[in-house]
Each structure stands twice: as structure tokens, then as C-alpha cells.
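# Observations on the model geometry
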Amino acid sequence: MAVLYLDTFSGISGDMMLGMLVDLGVDLKTIEAELSKLPVSGYRLEQRKEQRHGIGGTRVEVICEGNQPSRRWTEIDNMLAESPLKESVRSLARRIFQRLGEAEAHVHQVGLDDVHFHEVGAVDAIVDITGSAVGLHLLGLQEICCAPLPLSNGIIRGAHGAMPLPAPATLQLLQGHPVRDAKSNRELVTPTGAAIAAEIAQFGSMPEMTIKQIGYGVGGWELEDRPNLLRGIVGTRAAATGFERDTVTVIETHLDDSSPEWLGSLIDRLMEDGALDAAFAPLQMKKSRPGTRLTVVARPEEAEGLAELVLRESSAIGVRMHETRRIKLRREQAIVQTDFGEAAVKLIYEGETLLRITPEHSSCQSLAASTGRPLPEVY
């Protein structure tokens with residue numbers, strides 16, 4: 001299984017993403033041929049080898065020739081939707097643009113249909129996002145992971161005047177994702193780069209893999225404190241057998257002085273706030289006290305908030321947290337017709353092979369109540 005890890009030690013932008021994909025072996029002429037299917041003109045792409053701090057990579061730059069129109073988000077989305085691009089490319093580009101548009105709409109307090117991408121910025125975004133979607137398709141990846149993004153501080157000038165770093169749209173795009181302090185006053189993560197990373201990748205540490213290829217996308221600046229590069233590392237995992245894999249954070253604590261009523265409510269709160277799973281197990285603790293182990297499984301980006309919830313809503317004065325890998329079967333929701341009425345079920349797959357169908361408890365419970373039949377019979 002092919003895996004791409006985005007090593008964002010110097011951030012990410014649309015042009016750095018394009019340069020990295022080309023450095024990994026994607027043919028820029030193929031990307032240009034796909035971009036030519038869009039009704040966008042007045043630009044050209046330049047590719048050249050450059051170095052940053054002695055490390056070589058590929059710089060891909062969008063050069064605009066002449067005036068460019070301002071484009072609304074709706075125009076760009078319709079243009080992509082009606083294009084003859086491959087479905088996977090078209091769908092990914094639209095999803096990235098929708099993320100970007102929604103972030104801009106939130107920042108400017110306007111409707112999504114009223115979001116404008118101005119002149120050169122619109123062409124840059126169209127080329128960077130669509131070109132990246134083409135390049136990712138050509139690489140044939142099954143998994144993409146991204147390091148926490150480095151966010152800067154300070155003030156920069158934009159189309160609307162002075163604005164803080166991180167750019168408001170960048171910050172909006174990265175809600176729910178791990179970030180770190182870049183200790184820089186330069187814009188290392190652009191809104192386009194943030195939108196691409198947020199849509200295509202899971203955030204976390206480098207996955208276990210056998211490294212096959214390394215590419216560097218060169219950014220436009222010469223930075224004193226770091227090489228302005230986006231590093232892409234492509235590797236392979238052991239051949240998958242149809243199982244899905246991801247990384248989760250496990251939160252644990254031992255309790256011997258919490259009310260059972262509190263703990264029952266705590267499980268409900270944890271699940272409502274996004275925990276993937278939460279459970280209790282009995283313990284024999286110090287001083288021969290009976291106790292309870294609380295174990296919570298969470299997405300890495302949500303673990304901190306759930307750990308704080310445990311500390312606020314129980315008698316715990318500390319929790320342990322660690323990341324672990326999961327292997328799992330794919331699940332889909334479905335509705336089936338039964339003699340009792342419609343019922344919700346989970347379809348459990350290994351790859352494309354349906355292994356089993358599991359009734360949803362709440363649906364069975366409702367049917368049992370409405371028909372007066374025993375719950376085991378409904379199951």
C-alpha cells in the first residue's frame with residue numbers, strides 16, 4: 001500500500017505542494033494537459049531546480065500573463081463540476097475549494113456564494129489545487145499523513161489590508177487539527193496549503209513504512225532559520241488484506257472515589273463530545289480498594305479536549321495518553337426492509353467483501369417498542 005507523508009518542517013503552500021509532487025516524479029506536462037481542460041488562461045507554469053540551505057528540490061511557479069478576472073467560489077465550483085477532468089480529480093479539487101471557500105466565508109462573515117478569489121490569487125488557487133489533485137491521482141496513493149503544521153505570528157499585508165498570522169482563513173481551516181508554534185514571522189502555511197492538507201491527510205507522526213522515494217517542493221523564500229521546503233516521503237506498508245488502518249489516542253485513568261452516577265454521565269458526555277469509544281473495567285487498587293479503569297479512544301486531534309473533560313467531570317487528578325495504531329473493518333450504514341418495518345444496520349466489509357450485517361440496537365429497540373415484539377426476535 002502506497003503511503004505519502006508530508007513533512008511540513010517549513011510549512012505548506014499550494015506551489016510547494018505542486019513542486020513536491022513533480023520532484024516525486026509526476027510529469028508537469030501531464031498536469032498541464034489536465035489543467036488545460038479548464039476554461040482558465042493567461043498563465044504558464046515554470047519548473048526549475050533550486051536549493052534551500054544546500055538541499056535541492058523542484059520549484060513550480062504560476063506566472064500570470066496579463067489581467068485576470070476576480071472569480072466567485074460558485075463560479076470556480078461550477079467550472080470544476082462541469083469539467084472533463086477525471087471524477088476523482090474533479091471531486092477532490094471541489095472538496096478542497098469548498099473548504100477554502102467556507103473558511104473565507106466565515107472570516108469575512110458572508111455567504112459561501114459571495115466569496116471572491118481576487119485576480120491572480122484565483123488563478124494561483126485553481127492551478128495549485130487542481131494540479132495537486134491531478135498529481136495525487138497520478139501517484140496512486142492509498143494513504144496520506146501530515147505532520148502538525150507550523151503556524152507563525154506577526155502581521156502581513158493581504159488584499160484586504162494588514163492581517164495577523166496565522167491568516168484568519170488558515171486558522172479557520174485548521175480547527176480540530178494539531179498545530180505547533182513555528183517561531184517565525186513569515187507565512188509558512190498559506191490558506192491554500194492548509195486547505196489541501198486538511199482535506200487529503202490524517203495528521204500525526206510519520207507512519208511505519210518502507211521508504212521508497214523522497215521529494216522536495218521549493219518555496220519562494222530564502223529563510224535564515226530553516227530551508228523553505230516541503231518534504232514528501234513516499235513509502236509502502238505491508239500489502240493490505242482489505243483492512244483499514246489509522247492512529248488513535250487512548251486516554252486512561254484509574255478511579256476509586258468517583259460516584260457511579262457521575263461515571264455513567266461521564267460516558268455519555270464523552271461519546272457526545274466525539275470519543276470513538278469509552279468503557280469501564282473493574283480494578284483492585286491500592287489499600288485494597290475496588291476501583292474503575294476508564295479507557296477512552298479518541299481521534300488524535302480531539303484527545304486533548306476529551307482528556308480535559310475527564311479531569312473536569314470525574315475525580316481523576318491525572319490521565320495517561322498514548323497513540324496507538326488500529327486495524328479495522330470498513331463499516332457502512334444502510335436501511336433494510338423487515339417484517340417489522342425499516343431497520344438501520346451496519347454493513348461490515350473486508351475490502352469489497354461483505355462479511356456480516358449487524359443490526360443497530362436503537363433501531364431494533366424502536367421496532368420492538370412499536371410492534372410489541374421481544375427485542376431478541378427483532379434482532
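Below: a short report on this structure. (Residues numbered from 1 in each chain as written. Predicted model: local features only at pLDDT ≥ 70, side-chain atom pairs only at ≥ 80, totals over all residues. Heavy atoms only, no water.)

### Focus on the overall build of the chain
The condition is simple: Helix numbering and strand numbering both begin at the N terminus, where a helix is a DSSP run of H or I of at least 4 residues and a strand a DSSP run of E of at least 2. Two residues form a contact once any of their heavy atoms are found within 4.5 Å. Working definition of accessibility: Shrake-Rupley area with a 1.4 Å probe, residue cover restricted to the visible protein chains. The sign given to each residue is positive for Lys and Arg and negative for Asp and Glu; His and the chain ends receive no count. A single reference atom marks each charge: NZ on Lys, CZ on Arg, CG on Asp, CD on Glu.
Check the secondary structure of the chain and you find eleven helices and 20 strands. The dimensions of the chain, computed from C-alpha atoms along their principal axes, are 75 × 55 × 45 Å. A separation of at least 24 residues holds for 68% of the contacts in the chain among residues at least 6 apart in sequence. With the model as given, the accessible surface of the chain reaches about 19,000 Å², and the carbon-plus-sulfur share is 49%. If the 39 positive side-chain charges of the chain are averaged to one point and the 52 negative ones to another, these points end up 5 Å apart.

### Regarding the layout of surface pockets
Spelled out, the test is: Cavities and pockets are found on a 1 Å grid laid over the protein atoms alone: a cavity is a set of points where a 1.4 Å probe fits but cannot escape, a pocket is an open set with protein on both sides within 12 Å along at least five of seven lines, and a lining residue has an atom within 4 Å of such a point. Grid points are joined across faces, edges and corners, and a volume is the space filled by probe spheres set on the points. All residues other than Ala, Val, Leu, Ile, Met, Phe, Trp, Tyr, Cys, Pro, Asp, Glu, Lys and Arg, Gly among them, are scored as polar; the first ten of these are nonpolar and the last four charged.
Approximately 770 Å³ is the volume found for the second largest pocket. Glu-143, Gln-202, Arg-245, Asp-246 and Thr-247 are the residues nearest the centre of the second largest pocket, which is lined by 34 residues in total. For the lining of the second largest pocket, the elements supplying multiple residues, two or more each, are strand E6 (143-146), helix H7 (191-200), strand E11 (202-203), strand E14 (244-255) and strand E17 (320-328). Here the lining of the second largest pocket is composed, by residue class, of 14 nonpolar, eight polar and twelve charged.

### What about the pairing of E6?
The test is simple: Relative accessibility decides the category of a residue: with a 1.4 Å probe and only protein chains considered, values under 20% of the type maximum give buried, values over 50% give exposed, and everything between is partly exposed. Strand pairing is assigned whenever DSSP detects at least two bridges linking the two strands.
Residues Glu-143 and Cys-145 of E6 are buried on one face, and the alternating residues Ile-144 and Cys-146, pointing to the opposite face, are buried as well. Strand direction decides the pairing type here: E6 and E11, joined by two bridges, are parallel. Bridging from a neighbouring strand, Cys-145 pairs with Gln-202 of E11.

### What about the pattern of salt bridges?
Short version of the rule: Here, a salt bridge means any side-chain nitrogen of Lys or Arg that lies within 4 Å of a carboxyl oxygen of Asp or Glu.
All chains considered together, the criterion is met by 31 salt bridges. Taking the shortest distance from any N to any O, the salt bridge between Arg-48 and Glu-61 comes out at 2.6 Å. Pair noted here: Arg-48 is in strand E2 (residues 43-52) and Glu-61 is in strand E3 (residues 55-64), with a separation of 13 residues, a long-range link. Between Arg-99 and Glu-199 there is a salt bridge whose closest N-O contact spans 2.5 Å. Of this pair, Arg-99 sits in helix H4 (residues 87-108) while Glu-199 sits in helix H7, and the two are 100 residues apart along the sequence. Beyond isolated ion pairs, a larger network of salt bridges with shared partners links Asp-15, Arg-44, Glu-46, Arg-48, Glu-50, Arg-52, Arg-59, Glu-61, Glu-65 and Glu-222.

### Concerning the nonpolar core
What counts here: Throughout this description, the term nonpolar core refers to a set of buried Ala, Val, Leu, Ile, Met, Phe, Trp, Tyr and Cys residues connected via side-chain atoms within 4.5 Å.
Leu-4, Leu-6, Met-17, Phe-97, Leu-136 and Ile-200 are the most contacted members of the largest nonpolar core, which has 63 residues in total. Considering each element in turn, this core owes the most residues, nine residues, to helix H5 (residues 119-139). Excluding residues that lie within four positions of it along the chain, Ile-200 makes contacts with Leu-6, Met-17, Leu-92, Ile-96, Leu-136 and Ile-144.

### A few points about the sheet that holds strand E19 (residues 341-350)
Here is the rule we go by: Helix axes are fitted to C-alpha atoms over the stretch in contact, other axes to C-alpha atoms as well, and angles between N-to-C directions run from 0 to 180 degrees.
The antiparallel open sheet is built from three strands, whose spatial order is E18-E19-E20. The strands lining the two open edges of the sheet, one partner per strand, are strand E18 (330-338) and strand E20 (353-359). Put simply, the sheet's adjacent strands are angled 35 degrees from each other on average, direction ignored. By the bridge criterion, nine bridges tie E18 to E19 in an arrangement that is antiparallel. Across the sheet, the residue bridging to Val-336 is Ala-343, located in E19. Against the sheet, helix H10 (residues 361-371) makes contact with E18, E19 and E20, and its axis sits at roughly 160 degrees relative to E19, the strand it touches most.

### Overview of the sheet that holds strand E16 (residues 290-298)
Backbone-to-backbone hydrogen bonds join strands into a sheet, with any given pair of strands oriented parallel or antiparallel. If you walk across this open sheet you meet the four strands as E15-E16-E14-E17, and the pairing is antiparallel. For this open sheet the edge positions go to strand E15 (277-284) and E17, each flanked by a neighbour on one side alone. On average, adjacent strands in this sheet sit at an angle of 30 degrees to one another, irrespective of strand direction. Here nine bridges tie E14 to E17, and the two strands are oriented antiparallel to one another. Within E17, the position partnered with Arg-245 by the bridge is Ile-327. Here helix H8 (residues 260-272) sits on the sheet and contacts E14, E15 and E16; the angle it forms with E15, its principal contact strand, is near 150 degrees. Here helix H9 (residues 303-313) sits on the sheet and contacts E14, E16 and E17; the angle it forms with E14, its principal contact strand, is near 20 degrees.

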